[in-house]
Amino acid sequence: MQSTPDFSQLMKLAQSPAGKQLLAMLQASGGNTLQNAVKKASDGNYDEAKAMLSSLLNNPQAQALLKQLEDQT
């Protein structure tokens, strides 16, 4: 069973410069996919959400932004 992410921490990451860049990038390259993945995650289907976003997050720029976010936690 996966634990529920801390919403306040997620909001802090999403509002950081790297988070904003990553969200903008995801929206530009697949806004519908992003919305569907957010819905899956909010329903607790984290693996499905991750699978939906994996192709969008495999580019080098997204990887660099994810690394920045990881370093902030």
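This write-up is about the structure you can find in this document.

Conventions and cut-offs
Residues numbered from 1 in each chain as written. Predicted model: local features only at pLDDT ≥ 70, side-chain atom pairs only at ≥ 80, totals over all residues. Heavy atoms only, no water. Helix = DSSP H or I, 4+ residues; strand = E, 2+ residues; numbered from the N terminus. Rg over C-alpha atoms; globule rule 2.2 N^0.38 Å. Buried < 20%, exposed > 50% of the residue type's maximum accessible area, 1.4 Å probe, protein only. Contact = heavy atoms within 4.5 Å. Salt bridge = Lys/Arg side-chain N within 4 Å of Asp/Glu carboxyl O.

Helix and strand content of the chain: four helices and zero strands. Put simply, the chain runs from its N terminus to its C terminus through helices and strands in the order α-α-α-α. Relative to the 2.2 N^0.38 estimate, which gives 11 Å for 73 residues, the radius of gyration of the chain is 12 Å and therefore close to what a compact globule would have. Each principal axis of the C-alpha atoms in the chain carries an extent, and together these give about 30 × 25 × 15 Å.

What follows concerns the side chain of Ser16. Topologically, Ser16 is positioned in the loop between α1 (7-14) and α2 (17-42). We classify Ser16 as buried; its relative accessible area is 9%. Excluding residues within four positions of it along the chain, Ser16 makes contact with Leu69 and Gln72.

Before going further, it helps to spend a moment on the environment of Gln68. Counting through the fold element by element, Gln68 comes out in helix α4 (residues 60-72). Relative accessible area serves as the criterion here: at 40%, Gln68 is assigned to the partly exposed category.

A full pass over the atoms with the stated rule returns three salt bridges. In this structure, Lys39 and Asp43 form a salt bridge, with 3.0 Å as the shortest nitrogen-oxygen distance. Among the salt bridges present, the one from Asp71 reaches Lys67, with a minimum N-O distance of 3.0 Å. With Asp71 and Lys67 both in helix α4, this residue pair falls four residues apart, about one helical turn. Of the residues examined, Asp71 reaches a relative accessible area of 52% and is grouped as exposed.

These figures come from the coordinates and say nothing about function on their own.
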